[in-house]
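Single-letter residue listing:
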Amino acid sequence: QHLADGLTIANSIKPLDQSGTMDVVNGKIVLVSIGMSNTHHAFAQFITLMNGDPSLHPQLVLVNGATPGMTVAQWATFNSTAWGLVQNRLQQQNLTEKQVQVAWVMLADIWPGGQASVPTFPAHAQKLQTDLETIVQNLKIRYPNLKIAYVSSLTKTYTTDLTAKGTEFFGYEGAYGVKWLIESQTKGNNPGLTFQGSGVVAPWL
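Not measured: the values here are computed from a predicted model.

Draft legend 1. Quick look at the overall build of the protein. Along its length, the protein carries six helices and four strands. The secondary structure elements of the protein, listed N-terminal to C-terminal, are α-β-α-β-α-α-β-α-β-α. Going through the 205 residues of the protein one by one, you find that 44% of them count as buried. Within the protein, residue pairs in contact and separated by at least 24 positions form 73% of the contacts whose partners lie at least 6 positions apart. When the accessible area of the protein is evaluated, it comes to approximately 10,100 Å², of which 55% is carbon and sulfur surface.

Draft legend 2. Here's a closer look at the nonpolar core. In terms of nonpolar packing, the biggest core is built from 31 residues, with Ile-34, Trp-75, Leu-90, Leu-132 and Leu-139 touching the most fellow members. Within the residue set of this core, elements represented by two or more residues are strand E1 (29-35), strand E2 (60-63), helix H3 (72-75), helix H4 (81-92), strand E3 (100-106), helix H5 (123-142), strand E4 (148-152) and helix H6 (168-186). No other element matches H5, which puts five residues into this core. Excluding residues within four positions of it along the chain, Leu-132 makes contact with Val-105, Leu-107, Val-151, Val-178 and Leu-181. Membership of the second largest hydrophobic core comes to 13 residues, among which are Ile-29, Ile-47, Trp-104 and Ile-148.

Draft legend 3. Geometry of the pairing of E1. Of all seven residues in E1, seven are buried; the element is thus mostly enclosed. By the alternation rule, side chains of E1 split into Ile-29, Leu-31, Ser-33 and Gly-35 and Val-30, Val-32 and Ile-34, which are all buried. The pairing of E1 with E2 spans four bridges and is parallel. Bridging across to E2, Val-32 finds its partner in Val-63. Where the polypeptide runs from E1 across helix H2 (residues 37-51) and back to E2, its parallel neighbour, the crossover connection is right-handed.

Draft legend 4. Main features of the environment of Gln-18. In this fold, Gln-18 is placed in the loop between helix H1 (2-11) and E1. Residue Gln-18 is classed as partly exposed on the basis of its relative accessible area of 40%. Linking Gln-18 and Glu-97, residues 79 residues apart in sequence, is a C-alpha distance of 8.1 Å. Setting aside residues no more than four positions away along its own chain, Gln-18 makes contact with Asn-94, Thr-96, Lys-98 and Gln-99. A distance of 3.0 Å separates the side chain of Gln-18 from the backbone oxygen of Asn-94, its partner in a polar contact.

Draft legend 5. Structural view of the layout of surface pockets. Its volume calculated, the largest pocket comes out at about 180 Å³. Lining the largest pocket are Leu-31, Phe-43, Phe-46, Met-50, Leu-56, Leu-60, Leu-62, Val-102, Trp-104 and Tyr-150. Of all the secondary-structure elements, those providing two or more residues to the lining of the largest pocket are H2, E2 and E3. The greatest single-element share of the lining of the largest pocket, amounting to three residues, is contributed by H2. Class assignment for the residues of the lining of the largest pocket results in ten nonpolar, no polar and no charged.

Draft legend 6. Geometry of the packing of aromatic side chains. Counted under the stated rule, the structure contains seven aromatic pairs. Ring centres of Phe-43 and Trp-104 lie 6.1 Å apart, and the angle between their planes is 25°; this geometry places the pair in the stacked category. With a gap of 61 residues between them, Phe-43 in helix H2 and Trp-104 in strand E3 connect regions that are remote in the sequence. For the pair Tyr-176 and Trp-180, a centre-to-centre distance of 5.6 Å together with 50° between the ring planes defines the contact as tilted. Taken as a pair, Tyr-176 and Trp-180 lie in helix H6 at a separation of four residues, close to a single helical turn. An aromatic cluster is defined as three or more aromatic residues linked by ring pairs; in this entry it consists of Phe-43, Phe-46 and Trp-104. Lying over the aromatic face of Phe-78, Arg-142 brings its terminal NZ or CZ to 4.4 Å of the ring centre.

Rules used throughout
Residues numbered from 1 in each chain as written. Predicted model: local features only at pLDDT ≥ 70, side-chain atom pairs only at ≥ 80, totals over all residues. Heavy atoms only, no water. Helix = DSSP H or I, 4+ residues; strand = E, 2+ residues; numbered from the N terminus. Buried < 20%, exposed > 50% of the residue type's maximum accessible area, 1.4 Å probe, protein only. Contact = heavy atoms within 4.5 Å. Areas by Shrake-Rupley, 256 points an atom, 1.4 Å probe, with all protein chains shown as cover. Core = buried A, V, L, I, M, F, W, Y, C linked by side-chain atoms within 4.5 Å. Pairing = 2+ DSSP bridges. Right-handed = clockwise from strand over helix to strand, strands pointing away. Polar contact = N/O pair within 3.5 Å; in protein donor to acceptor, adjacent residues only side chain to side chain. 1 Å grid on protein atoms, 1.4 Å probe; cavity = no way out; pocket = protein on both sides within 12 Å on 5 of 7 lines; lining within 4 Å. Points joined across faces, edges and corners; volume = space filled by probe spheres on them. Nonpolar A, V, L, I, M, F, W, Y, C, P; charged D, E, K, R; others polar. Phe/Tyr/Trp six-rings, centres within 6.5 Å; stacked < 30°, edge-to-face > 60°. Lys NZ or Arg CZ within 6 Å of the ring centre and 35° of its normal.

Pasting the structure below:
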């Protein structure tokens, strides 16, 4: 059912003008990335690949909102610098927040238990899940026409050095936080992740 809902929502996406009104001639469909350095670098390469794809929808615009150093804590704070940087990048392309309809989110906690700490399962993954829920709610407030958010877990860091940021342990645990977030929405009993009907506070995940 969740997949069916997502496909219906995806098919409803149409180009919007700067005020958020449908404009199939001159409007834009904006996809933004939200995250830290890992996300920024991956999305930059994604943009390069997509810009060379002749099948790309001519009104789709890709905006790299991910910023190095901006981890979960920054995005979970509604008025943080991270959100302002995305707004600046939208404005640089003559776009508005009301034209954003899709987002890609890849985030992690850095040393959630303190520097060089050993991960505690499931506490750290549960904290990431809670923070991500706040972030997707922030997304919906910032971008009122946002319909879909693809949420990824951190890719492998290839290290077991506990003094390094984002160690393999935290990356592995973070995947559970993402999994539980999406599962929480699919069960349909979390009002904090309502994406359709009355009381919408989040995009479809």
